[in-house]
Amino acid sequence: MEKDMTVKKTCIPFVIGVTGHRDICDEDLKRAGKTVRGQIRSLSALCPNTPVVMLSSLAKGADQICAQVAIEEKIGLIAVLPMPLDEYEKDFEGDDLENLKRLAGLADEVFVSPFEEEYREGRDFLYRQAGIYVARHSHILVALWDGTPPVPGGCGTNEIVDIMLHGNTRMNHAGGFLADKGCVMHVPVMRENVRIAKQQEKNKNEIGTITAEIKNECAEKSTSAGSVIFLGSEDVFRENLKRTEEFNCDVLRMNKRRRVKSRSKRAGEEACHENGKVEKKETHHEAGFHRATIDDVYDASDRLSLRGAREYKKCIALIAVMATLLTMSFLLYDEANMHYLIILCGVMIAGVYAVNVTNCRRGFHRKYIQYRILAEGLRVQKALSSVRMDVQASDLMPWSIQVETPWIIRTMAAVNIGDSPHYPENSPASSGARENASESALCDNLHIRWIKEQKEYHETVVKSATAKAKRNDRIVKIAIGITVAVYIAALIFEICIAGLFSGNSLMEPDAAESVRTIIKLCTGSLSAISLFTGSYYGKLSLEERANDSRRMAALYGEALERDENGMDKGELCRTLAREELNENGRWFAYKSINGTDTPIS
């Protein structure tokens, strides 16, 4: 199953996290490996345009068998270790140690997990942090698990599954709530000690003396490693998968158009085809692994959002123009007796319906606002990373966005995978970690990369939106002024010429009726045009956008003052990130309400 990873390097990866027992009996381990292989192939078939990535800690047992499957299936493999490799190797021996070294060498990325909780001494704590990291950054967690309940604060498979399903650690870490608790693909397995216990009981040939407790335990843990049980939000998981694939399809189409345009500008590149040479697609192992970075997905989502906005505005413009023409055509049909224009009225009605259906089916408005929310969330994440904050922007997202677009939350976590410099100096993970930035460098980053840039950006938006709003107000006022002028002309005509009060008309009845028809046509047409300019060009959220940016510019101005007064940099960054994301949530709600994604029935 080869994937052209080079063309997908800007696509959102589908991340499969792995957790499982280290002491799985051999038969179940082999069957579980085949099951995981089948599930990877099934998911890849559902989303052919989405690169698949596996997160594994390469521990003995479940982690290593799944990592081997990832290598054989030629998907991305990222090793999230609980501690540096040389320290990690001390927990392995024999074939398991050799497998660890081999798989780490074959992995596309290897790094030590950052801490999701307050540091405690002990290797169990480090294993727990690696498990939490895998769960937090995965779309789905594959658990080779016997189903035993979790132990509070533990570091085993049971606890990692519980964290994925209930999000307790994530909720405490973010200081908020989590809407999407996650989905677990449970592959039931039997641990070696249970198999041995069952074998011993069987050898005794005293089945009648086995207690009910042992019977129940054996029944619950019977070998069924070929089956799969979905736990948690499977419907949400499927929706996340669908939206991720949709985004990647849009990315590939956009990149294809850009490549076609680029090739059309280069005239001498067809020489390699003249000799009958055929270009070969590079596969995962030939081209190297390309996992989309935050910058890649931010750039793609930003471009796609702008494209969605353009297409959406085109649809709105077409609907407004056709509605105006429909009004004018019906007036001509009714008042001027141009009966053939009834056909044009039908064409305009069909046109409005077709444009609206196209907009709904292709989701221009939905993509416009959702891709914009994704881009803005990734921009906040980039800002947090630039000032060396290990806060996940996805954890700070407002509840409304979490509920409406859970795929964005999972995407942000899946894209933000990588090494982190944040380890306590006395922890084993600190060896080889990047040095923390100095206070002065942190201050510089804070000013240059975030606060000042954002303050200047929002001030520019305020000026631009205000100028456009004033221009559109002038257009609306002109249209209304012309309408009023026509009304005054009609009033003068009726009073002075048609004899409204005196009864003495200065014109023949037929001529006067013709003038009235012209006035009706002008009045109706101008009313339609005024409605068009007022509701479309003059009311495209320009005032709302200016007010939003005015508030944000004031926020960043206040942040500059707080920073100069010595406010804690970490707290300031977290506050700014939360406020920025809350403002995005408010914008999302406003745009969602004012969309036109409802088909005409």
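Residues numbered from 1 in each chain as written. Predicted model: local features only at pLDDT ≥ 70, side-chain atom pairs only at ≥ 80, totals over all residues. Heavy atoms only, no water.

Visitor: In this structure, what is going on with the overall build of the protein? I would like to understand it.
Guide: A count of helices and strands for the protein gives 21 helices and 7 strands. Per-residue burial for the protein yields a buried fraction of 48% across its 601 residues. Once local pairs closer than 6 in sequence are excluded, the contacts in the protein between residues at least 24 apart make up 81%. Within the structure as shown, the protein displays about 30100 Å² of accessible surface, and the carbon and sulfur contribution to it stands at 54%. (Helix = DSSP H or I, 4+ residues; strand = E, 2+ residues; numbered from the N terminus. Buried < 20%, exposed > 50% of the residue type's maximum accessible area, 1.4 Å probe, protein only. Contact = heavy atoms within 4.5 Å. Areas by Shrake-Rupley, 256 points an atom, 1.4 Å probe, with all protein chains shown as cover.)

Visitor: What exactly am I supposed to notice about the nonpolar core here?
Guide: Side chains of a nonpolar character, in soluble globular proteins, are inclined to be buried together. Among the nonpolar cores identified, the biggest contains 56 residues, and Phe-247, Val-297, Leu-374, Leu-384, Met-397 and Trp-450 are the most heavily contacted of them. Those elements that place two or more of their residues in this core are helix H10 (234–264), helix H13 (294–335), helix H14 (341–362), helix H15 (364–386), helix H17 (406–415), helix H18 (439–497), helix H20 (542–564) and helix H21 (569–593). Sort the elements by how many residues they give to this core and H15 lands first, with 11 residues. Apart from the residues lying within four places of it in its own chain, the contact partners of Leu-374 are Ile-12, Phe-247, Val-297, Ser-301, Trp-407, Ile-408, Thr-411 and Met-412. Listed in part, the 45 residues of the second largest apolar core include Cys-47, Ala-59, Leu-97 and Phe-115. (Core = buried A, V, L, I, M, F, W, Y, C linked by side-chain atoms within 4.5 Å.)

Visitor: Is there a simple way to explain the packing of helix H2 (residues 62–73) against helix H4 (residues 94–106) in this structure?
Guide: Remark: H2 packs on H4, axes separated minimally by 11 Å, with the N-to-C direction vectors making an angle of 35 degrees. Between H2 and H4 lies a crossing whose hand is left-handed. Counting all contacts with H2, which are made through Gln-64, Ala-67, Gln-68 and Ile-71, the residues of H4 involved are Asp-96, Asn-99, Leu-100, Arg-102, Leu-103 and Leu-106. Looking at the contact of H2 with H4 residue by residue, the class counts come to 5 nonpolar, 3 polar and 2 charged. (Axes fitted to C-alpha atoms, helices over the stretch in contact; angles between N-to-C directions. Left-handed = near helix turned anticlockwise from the far one by under 90°. Nonpolar A, V, L, I, M, F, W, Y, C, P; charged D, E, K, R; others polar.)

Visitor: Got a minute to help me understand a nonpolar patch on the surface in this structure?
Guide: A cluster of nonpolar side chains, namely Ile-480, Val-484, Tyr-487, Ile-488, Leu-491, Ile-492, Ile-495, Leu-500 and Phe-501, defines an oily patch on the protein surface of about 890 Å² accessible area. As for its placement among the helices and strands, Ile-480 is situated in helix H18. Owing to a relative accessible area of 45%, Ile-480 belongs among the partly exposed residues under this scheme. (Patch = residues over 30% accessible without salt bridge, like charges linked within 9 Å, V, L, I, M, F, W, Y side chains within 5 Å. Salt bridge = Lys/Arg side-chain N within 4 Å of Asp/Glu carboxyl O.)

Visitor: Even after reading the chapter, I still don't get the confidence of the model for the protein, so can you show me in this structure?
Guide: Interpretation of this model should avoid reading the predicted coordinates in detail wherever pLDDT is low. In this model, the protein carries an average pLDDT of 78, and 76% of its residues clear a pLDDT of 70 or more. Across residues 206–223, confidence stays below pLDDT 50; counting only partners more than four residues off in sequence or on other chains, it has 16 contacts. Contacts for the low-pLDDT stretch residues 430–440, under 50 throughout, to residues beyond four places or in other chains number 15 contacts. (pLDDT = per-residue confidence, 0-100.)

Visitor: I keep staring at H17 and nothing clicks. Help me out?
Guide: Each α-helix turn comprises 3.6 residues. Residues three or four places apart therefore point the same way. Counted residue by residue, H17 has 10 buried out of 10 residues, so it is predominantly covered. Those residues of H17 lying buried are Pro-406, Trp-407, Ile-408, Ile-409, Arg-410, Thr-411, Met-412, Ala-413, Ala-414 and Val-415.

Visitor: Any chance you could explain helix H1 (residues 26–46) here in plain terms?
Guide: For H1, spanning 21 residues, the distance from its first C-alpha to its last is 31 Å, which sits close to the expected 30 Å at 1.5 Å a residue. Taken residue by residue, H1 has Asp-28, Leu-29, Ala-32, Gly-33, Thr-35, Val-36, Ile-40, Leu-43 and Ser-44 as its buried positions. (Expected span 1.5 Å × (residues − 1).)

Visitor: Is there a simple way to explain the sheet that holds strand E2 (residues 52–56) in this structure?
Guide: Think of a sheet as strands paired side by side through backbone hydrogen bonds, with each pair either parallel or antiparallel. In spatial order, the strands read E4-E3-E2-E1-E5-E6-E7; together these 7 strands make up an open sheet with mixed pairing. Each edge of the open sheet is held by one strand with a lone partner, namely strand E4 (109–112) and strand E7 (229–232). Averaged over all adjacent pairs, the angle separating strand axes in this sheet is 25 degrees, with direction ignored. (Pairing = 2+ DSSP bridges.)

Visitor: Help me out: how do you make sense of the environment of Ile-409 in this one?
Guide: Structurally, Ile-409 is set in helix H17. Judged by its relative accessible area of 5%, Ile-409 falls in the buried class. Between the alpha carbons of Ile-409 and Leu-374 there is a distance of 8.4 Å; along the sequence they are 35 residues apart.

Visitor: Before we go on, may I ask you to explain the side chain of Asp-548 in this structure?
Guide: In this fold, Asp-548 is placed in helix H20. Among the polar contacts made by the side chain of Asp-548, one reaches the side chain of Arg-551 at a distance of 2.2 Å. In contact with Asp-548, not counting residues within four places along its chain, are Glu-583, Arg-586 and Trp-587. (Polar contact = N/O pair within 3.5 Å; in protein donor to acceptor, adjacent residues only side chain to side chain.)

Visitor: Is there a simple way to think about the pairing of strand E3 (residues 76–81) in this case?
Guide: For a regular strand, side-chain orientation follows a simple rule: the groups alternate between the two sheet faces. When you tally the buried positions in E3, you get 6 out of 6 residues, the bulk of the element. Where E2 lies against E3, 4 bridges are found, and the strand directions are parallel. Note that in E3 the partner of Ser-56 across the bridge is Ala-79. Between the parallel pair E2 and E3, the chain is carried across by H2, and the sense of this crossover is right-handed. (Right-handed = clockwise from strand over helix to strand, strands pointing away.)

Visitor: What's the story with the side chain of Ser-305 in this structure? I'm lost.
Guide: As for its placement among the helices and strands, Ser-305 is situated in helix H13. Each residue touching Ser-305, except ones within four places of it in the same chain, is listed here: Tyr-368, Tyr-371 and Arg-372.

Visitor: Would you take a moment to explain the pattern of salt bridges for this structure?
Guide: Between side chains of opposite charge, pairing is possible as soon as their charged atoms come close. Per the counting criterion, the structure on display carries 31 salt bridges. For Arg-372, the salt bridge goes to Asp-302, with nearest N and O atoms at 2.7 Å. Highlighted residues: Arg-372 in helix H15 and Asp-302 in helix H13, separated in sequence by 70 residues. Grouping residues by exposure puts Arg-372 and Asp-302 together as buried. For Glu-583, the salt bridge goes to Arg-551, with nearest N and O atoms at 2.9 Å. Here Glu-583 is found in helix H21, whereas its partner Arg-551 is found in helix H20, with 32 residues between them in sequence. Where salt bridges share partners, they join Asp-302, Arg-372, Glu-376, Arg-379 and Glu-580 into one cluster.

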